Amino acid sequence: MKPIVIPAKYNYIAAFLTFACNLKCDYCINNHEAPAGLFKRKHLSGKEWLIGLNRIVSRPDLPITLQGGEPTLHKDFVEIVNGLKSDLNIDVLTNLQDENIFLDNIEPARLKREAPYASVRVSYHPKQMDSEVLRNKILRMIDYDFSIGIWGVMHPGQKREIKNAQTLFKNCGIDFRTKEFLGEYGGQLYGQYKYPEAVGKTVRRRVMCKTTELVIGPDGGVYRCTADVYANRTPIGNIFDPDFQIEDKFRPCDWYGHCNPCDIKLKTDRFQRFGHCSVEICIRKEAGDGR
Ligand code: SF4
Ligand code: SF4
């Protein structure tokens, strides 16, 4: 199999191990475009993930991010973390319902690297979690020397709870950061977007689009963007295709207007510089409405 070399401009490598989750947040972004059966997609085994991911040639500052859903629910999560070649750095996005999966099976040093943020990033969900229970789990992880921090989504209906939790965690020396809420709430669209029209589903246009992310779905498919992986649109390749290579180019898309907020939002890049957007979109006016 040919190595998969990550282009210099790329900012993120996402491996969606599974869309299954053990929590049920009502604002879950996985449901933004969720068709029936999102959680029943084909899943690669750990061995298959390792064959595909170990082809990747990346940089020290560009880890593979294991995410979901809840990535630790993949039955071979530990095998995947421990089997990735040592020159690939790893980040994990988790809700940390089971801290023992890390404590009992993974060397903290394997999930550590030079970066301005933690490698294990825990999402905090006030309606689903007891903040004191979570605090104790995180303190255990810190005792074991894991690089770990918390992110709370500033949901308009939960700002007070997030702020209170931030105070609680910070008082214990835990890194707690906030993320803006993306999407609609109370009839208002929240988030800062490079292409505001691209989210909200009020239009649908044909455009040309280019990404700066390698997005790999639970089935090993490589997708143009996160909207595509959630909506199960046709992938542009597969990490099992022995000839698969990343082509850093614009691709046609008929789904502009139904983009996922994660792809369109303005955010910080891997150097923590604000203003980056995962995709570049070229709207060809003559192409008209794609419906
Ligand atoms: S923990 Fe994350 S993936 Fe799970 S339901 Fe909540 S927002 Fe969705
Ligand atoms: S236009 Fe939107 S839906 Fe289409 S590839 Fe780009 S980000 Fe994805």
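Everything here concerns the structure above.
Definitions and cut-offs
Residues numbered from 1 in each chain as written. Chains lettered and ligands numbered in written order. Predicted model: local features only at pLDDT ≥ 70, side-chain atom pairs only at ≥ 80, totals over all residues. Heavy atoms only, no water. Helix = DSSP H or I, 4+ residues; strand = E, 2+ residues; numbered from the N terminus. Rg over C-alpha atoms; globule rule 2.2 N^0.38 Å. Contact = heavy atoms within 4.5 Å. Areas by Shrake-Rupley, 256 points an atom, 1.4 Å probe, with all protein chains shown as cover. Phe/Tyr/Trp six-rings, centres within 6.5 Å; stacked < 30°, edge-to-face > 60°. Buried < 20%, exposed > 50% of the residue type's maximum accessible area, 1.4 Å probe, protein only. 1 Å grid on protein atoms, 1.4 Å probe; cavity = no way out; pocket = protein on both sides within 12 Å on 5 of 7 lines; lining within 4 Å. Points joined across faces, edges and corners; volume = space filled by probe spheres on them. Nonpolar A, V, L, I, M, F, W, Y, C, P; charged D, E, K, R; others polar. Pairing = 2+ DSSP bridges. Axes fitted to C-alpha atoms, helices over the stretch in contact; angles between N-to-C directions. Arc of directions from axis to C-beta.

Draft legend 1. How the structure looks around the overall build of the protein. Helix and strand counts for the protein stand at 7 helices and 18 strands. The C-alpha radius of gyration of the protein comes to 19 Å, within 12% of the 19 Å expected for a compact globule of 291 residues. Long-range contacts, defined here as pairs at least 24 residues apart, represent 78% of the contacts in the protein between residues at least 6 apart. Here the protein has roughly 13,500 Å² of accessible surface; of this, 50% comes from carbon and sulfur atoms.

Draft legend 2. A look at the packing of aromatic side chains. In total, this model carries 9 aromatic pairs according to the counting rule given. With a centroid separation of 5.7 Å and 80 degrees between ring planes, the pair formed by Phe-16 and Tyr-230 is classed as edge-to-face. One end of the pair, Phe-16, is in strand S2 (residues 12–16); the other, Tyr-230, is in helix H6 (residues 226–231), with 214 residues separating them in the sequence. Under the relative-accessibility criterion, Phe-16 is labelled buried at 0%. Under the relative-accessibility criterion, Tyr-230 is labelled buried at 3%. Ring centres of Tyr-124 and Phe-169 lie 6.0 Å apart, and the angle between their planes is 75 degrees; this geometry places the pair in the edge-to-face category.

Draft legend 3. Main features of empty space enclosed by the protein. Scanning the entire structure with this criterion turns up 3 cavities of 30 Å³ or more. The volume enclosed by the largest cavity comes to roughly 110 Å³. Every residue lining the largest cavity is counted, 15 residues in all, and those nearest its centre are Cys-209, Cys-225, Cys-253, Cys-259 and Ile-281. Contributions of two or more residues to the lining of the largest cavity are made by strand S11 (205–211), strand S15 (251–256), helix H7 (261–264) and strand S18 (279–282). It is S15 that contributes the most residues to the lining of the largest cavity, 3 residues altogether. In the lining of the largest cavity, the residues fall into 11 nonpolar, 1 polar and 3 charged. Each pocket or cavity is described by its volume, and for the second largest cavity that value is around 70 Å³. Around the second largest cavity, the lining is made up of 13 residues, and of these Tyr-10, Leu-214, Val-222, Ile-236 and Ile-246 lie nearest the centre. A per-element tally of the lining of the second largest cavity places strand S12 (residues 213–216) first, with 3 residues. When grouped by side-chain class, the residues that make up the lining of the second largest cavity number 8 nonpolar, 2 polar and 3 charged.

Draft legend 4. How the structure looks around the sheet that holds S18. Across the sheet, 3 strands lie side by side as S15-S11-S18; this open sheet has antiparallel pairing. The open sheet has two edge strands, S15 and S18, and neither has a second partner. Averaged over all neighbouring strand pairs, the angle between strand axes comes to 45 degrees, with direction disregarded. By the bridge criterion, 4 bridges tie S11 to S18 in an arrangement that is antiparallel. Residue pairing in the sheet places Lys-210 in a bridge with Glu-280 of S18.

Draft legend 5. Quick look at helix H1 (residues 46–53). Turning to H1, its buried residues number three or more, namely Gly-46, Trp-49, Leu-50, Gly-52 and Leu-53. Buried residues of H1, viewed axially, fall in a sector of 165 degrees; they line one side. The elements touched by buried residues of H1 are strand S1 (4–5), S2, strand S3 (56–57), strand S4 (64–67), helix H2 (77–83) and S12.

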